[in-house]
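The lines below spell out each chain.
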Protein chains: 2
Amino acid sequence: MTKYKASAFGHPIQGLIKYHGKIDEVLRLPSHNSISVNLSRFYTYTTVEISNTLDNNTMEIDDKPASRDAMERALRVFNAFRKLTNLPEDYKIKIISKNNFMSGIGLGSSSSGFAALTMAISSALKVDVDLTTLSKIARLGSGSASRSIVGGFSEWVVATTHEHSYSYRLAGDEVPLKMIVVEIPKLKDLPSTLAQIETEKSIFYKVRLGYIPTMLRKMRNAILSHDVEKIGELAEIDTLNLHAVIMTGPNRLILWRPQTVEVIRKVWKLRKRGVPAYFSIDTGATVYINTHEKFAEEILDEFNGIEGINTYISDVGLEAKPSSNHLF
Amino acid sequence: MTKYKASAFGHPIQGLIKYHGKIDEVLRLPSHNSISVNLSRFYTYTTVEISNTLDNNTMEIDDKPASRDAMERALRVFNAFRKLTNLPEDYKIKIISKNNFMSGIGLGSSSSGFAALTMAISSALKVDVDLTTLSKIARLGSGSASRSIVGGFSEWVVATTHEHSYSYRLAGDEVPLKMIVVEIPKLKDLPSTLAQIETEKSIFYKVRLGYIPTMLRKMRNAILSHDVEKIGELAEIDTLNLHAVIMTGPNRLILWRPQTVEVIRKVWKLRKRGVPAYFSIDTGATVYINTHEKFAEEILDEFNGIEGINTYISDVGLEAKPSSNHLF
């Protein structure tokens, strides 16, 4: 009997130049490069045990058995390590995962989840590879996990093969960005995969693809020059571009809820009085407000009055990391 | 001393295939054809007096002096008649106009206003011309007035000269369409002319122009075959297309308010339980819900609970008409 056990945590991401659209569903290869930033305030914490005494592969997320889809994606990640380490077939995996935030609200629990899982398995099997290799493997679980795992501000590069599509870090927490998260639950009947499909089917999608390279260049420059206002402005422009594309897909999806528009309008008001606040929305109704660290508290105060809404402040989060505290 | 006096009323329009973008600002020539429908429930009522005893041209809307912009546009209409009838220069005009609905909420008071004004002047001066000619003149005041004046479902055609850009009627109130109007005041700092400019500056505008001819063809067919559900569906698609284009303009305009999204979500729920309800939003936050006449009351009941919102049911409205009751 041999048993490998390890734990790790990873942070969810906010899309800055957002990624929708794949050229390969299995390898999760994207149609275009994308840039995101990790949020230190939130994390997925994962413990794995890999052993030849386990009867089955099992996975539990937030005290509930994982969905079939999540399980399949986790096994893709596990199998990549199996291949890398020549782990025999009789070894199975037990995965226990916990989020310190609500999942399914557009906060990217799959990015932090698969980043944590990849790091945990790597740590358990004592695989000696760099973050670039881990980024490729995390990608097999979730596209955005390939960015989450490297941390900070990271860019995920397009490639047509598994080997060449990974993320690398543009900058870390030296950029004075703070993010206020205004948590708005998304509607249960709108899976984020549907939004992905809608994006590709909009008549505007080709124009979006054409605009992406310039936006990426501008965003890279803003990050490298620590220009927090510019980062916020570009992410806001990309938010509207992406949501315009989603809502013109065949299902006419609107991911926003009334409170989403309320938050957007408050952000405008803040800007009118000189506060550098910029909204950003991923595939959900939750709003990130990007700002310079000096203004974070002032902005947070504005959002205390909205009914049924939780707010958080987050710093830039770093890469996924192993931990010696196990969940079981 | 000679005095001409007459009154007329006109109905506002709902854009079905919406018009944004001009190729000539003065002649108000559009970039593409558009189709709209008049609402019988609302009207502008206007009385004009044209006389050589008046010192100045004056115009009052809802008991307030008209803005300089509205006055200028009214004088363009008046001058067109002046030319047509060889009216001497010493004749001035007094205009009193009243709306039976709130203006500035995206309900198109300029369409009904300039339709009523054109009809009133025509009636006062006893000009014997057809609706096509009046449509061209109304267009000089407001593009959508060229459709409002002919009434029912009307299409406004593109042309590069004044003579050839007018509206004609596709169908009247024999189409069993009912419109539930959910009145949501738009933000005062967002003039609808700004939205027009934004549309043309979006990176998606060219794609919109490319999609318009097919949408017009589909909408004409739906109207001619009295297919109310199809009319509603197409108007909903065009609403999202237009608003996607507006929000990706340089100012990132969002014309919706929280309640707008609330109404959209309620419309979705209605459809889920089999009620043919389709939303449509012009340049404002107010929502029209298009439906078959059989379902109008059931839909109206759904919207009584929303705070601070007024609702109305409207039939298809017909052309602008003279009236013998004067406002002064």
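Rules behind the numbers
- Residues numbered from 1 in each chain as written.
- Chains lettered and ligands numbered in written order.
- Predicted model: local features only at pLDDT ≥ 70, side-chain atom pairs only at ≥ 80, totals over all residues.
- Heavy atoms only, no water.
- Contact = heavy atoms within 4.5 Å.
- Buried area = accessible area lost by both parts, 1.4 Å probe.
- Salt bridge = Lys/Arg side-chain N within 4 Å of Asp/Glu carboxyl O.
- Polar contact = N/O pair within 3.5 Å; in protein donor to acceptor, adjacent residues only side chain to side chain.
- Domains from an automatic or database assignment.
- Pairing = 2+ DSSP bridges.
- Helix = DSSP H or I, 4+ residues; strand = E, 2+ residues; numbered from the N terminus.
- Axes fitted to C-alpha atoms, helices over the stretch in contact; angles between N-to-C directions.
- Buried < 20%, exposed > 50% of the residue type's maximum accessible area, 1.4 Å probe, protein only.
- Least-squares fit on C-alpha atoms with pLDDT ≥ 70 in both.
- Parallel < 35°, antiparallel > 145°, perpendicular 65-115°, else oblique.
- Left-handed = near helix turned anticlockwise from the far one by under 90°.
- Expected span 1.5 Å × (residues − 1).

**Let's talk about the interface of chain B and chain A**
Across the contact, 33 residues belong to chain B and 33 residues belong to chain A. Between chain B and chain A, the buried area comes to about 2700 Å², and carbon and sulfur atoms account for 72% of it. The interface formed by chain B and chain A contains four salt bridges. Between E236 of chain A and R252 of chain B there is a salt bridge; the shortest N-O distance is 2.8 Å. Linking chain B to chain A there are six residue pairs in polar contact (both at pLDDT 80 or more).

**Thoughts on the domain arrangement of chain A**
All names here are of chain A. As assigned here, chain A comprises domain 1 (3–174) and domain 2 (177–316). Centre-to-centre separation of domain 1 and domain 2, based on C-alpha positions: 24 Å. In this assembly, 35 residues from domain 1 lie in contact with 42 residues from domain 2. Roughly 3200 Å² of surface becomes buried between domain 1 and domain 2 when both sides are summed, with 63% attributable to carbon and sulfur atoms. Counting the contacts that link domain 1 with domain 2 gives two salt bridges. The salt bridge partner of K18 is D282, with a shortest N-O separation of 2.6 Å.

**Some remarks on the sheet that holds strand 9 (residues 92–99) of chain A**
Strands in a sheet are paired, the pairing made by backbone hydrogen bonds, and the direction either parallel or antiparallel. Residue and element names in this part refer to chain A. Reading across the sheet, the six strands line up as 8-7-9-6-1-17 and stay open at both edges, with mixed pairing between neighbours. Of all the strands in the sheet, just strand 8 (64–65) and strand 17 (321–323) have a single pairing partner and so form its edges. Both strand 1 (residues 3–10) and strand 6 (residues 44–51) contribute to a ladder of eight bridges, which runs antiparallel. Its bridge partner being in strand 6, F9 is matched across the sheet by Y45. Across the face of the sheet, helix 1 (residues 68–85) comes into contact with strand 6, strand 7 (58–61) and strand 9 while running at roughly 120° to strand 7. Lying over the sheet, helix 2 (residues 109–124) contacts strand 1, strand 6, strand 9 and strand 17, oriented at roughly 40° with respect to strand 6.

**Some remarks on unusual backbone geometry**
In this model, N86 of chain A sits at a positive phi of 50°, which is unusual for a non-glycine residue. Within the chain, K126 of chain B stands out as a residue other than glycine whose phi angle is a positive 50°. Within the secondary structure layout, K126 of chain B lies in the loop between helix 2 (109–124) and helix 3 (131–141).

**So, the side chain of T291 of chain A**
All names here are of chain A. Inspection of the secondary structure assignment puts T291 in strand 14 (residues 287–292). By relative accessible area, which is 1% here, T291 ends up buried. A distance of 2.7 Å separates the side chain of T291 from the backbone oxygen of P276, its partner in a polar contact.

**A closer look at the relation of the copies chain B and chain A**
Take chain B, turn it by 180°, move it 0.0 Å along the axis, and it overlays chain A with an RMSD of 0.0 Å. On this basis, the relationship between the two copies can be described by a two-fold rotation axis. With an isologous cut-off of 70% or more, the 100% of interface residues of chain B that recur at the interface of chain A puts this contact in the isologous class.

**Some points on the environment of L194 of chain A**
Along the chain, L194 of chain A falls in helix 5 (residues 192–201). When near neighbours in sequence (up to four residues on either side) are disregarded, L194 of chain A contacts N251 and L253 of chain A.

**Notes on the packing of helix 8 (residues 258–272) of chain A against helix 8 (residues 258–272) of chain B**
With their axes 7 Å apart at the nearest point, helix 8 of chain A and helix 8 of chain B run at an angle of 165° to one another. Classified by the angle their axes make, helix 8 of chain A and helix 8 of chain B are roughly antiparallel. The crossing of helix 8 of chain A and helix 8 of chain B is right-handed. Where helix 8 of chain A abuts helix 8 of chain B, its residues P258, V261 and E262 of chain A lie against P258, V261 and E262 of chain B.

**A look at the sheet that holds strand 2 (residues 13–17) of chain B**
All names here are of chain B. Pairing is antiparallel across the open sheet formed by four strands, whose spatial order is 2-5-10-11. In this open sheet, the two edge strands, each paired with only one partner strand, are strand 2 and strand 11 (167–171). Each strand of the sheet is rotated relative to its neighbour by a mean of 35°, with strand direction disregarded. Alignment of strand 5 (residues 34–38) against strand 10 (residues 153–156), held across four bridges, turns out to be antiparallel. Bridge pairing in strand 10 links S34 to W156.

**Re the pattern of salt bridges**
Pairing is possible between side chains of opposite charge, provided their charged atoms come close. Residues and elements named next belong to chain B. This model, assessed by the stated rule, comprises 34 salt bridges over all chains. With a closest N to O distance of 2.8 Å, E236 and R271 form a salt bridge. Here E236, found in helix 7 (residues 228–247), pairs with R271, found in helix 8; they are 35 residues apart in sequence, far enough to count as distant. Take E236: its relative accessible area is 0%, and that puts it in the buried class. Put simply, R273 and E302 hold a salt bridge, and the shortest N to O gap is 3.3 Å. Placement of R273 in the loop between helix 8 and strand 13 (277–281) and of E302 in helix 9 (residues 296–302) is noted, with a sequence separation of 29 residues between them. On the basis of relative accessible area, R273 is assigned to the partly exposed category, the value being 48%.

**What to know about helix 1 of chain A**
All names here are of chain A. In this model, helix 1 (18 residues) spans 25 Å end to end at C-alpha, consistent with the 26 Å of a helix rising 1.5 Å per residue. Turning to helix 1, its buried residues number three or more, namely A70, M71, R73, A74, V77, F78, A80, F81 and R82. On its buried face, helix 1 is in contact with strand 6, strand 7, strand 9, helix 2 and helix 3 (131–141). Directly beyond the C-terminal end of helix 1, a positive phi value near 50° is found at N86.

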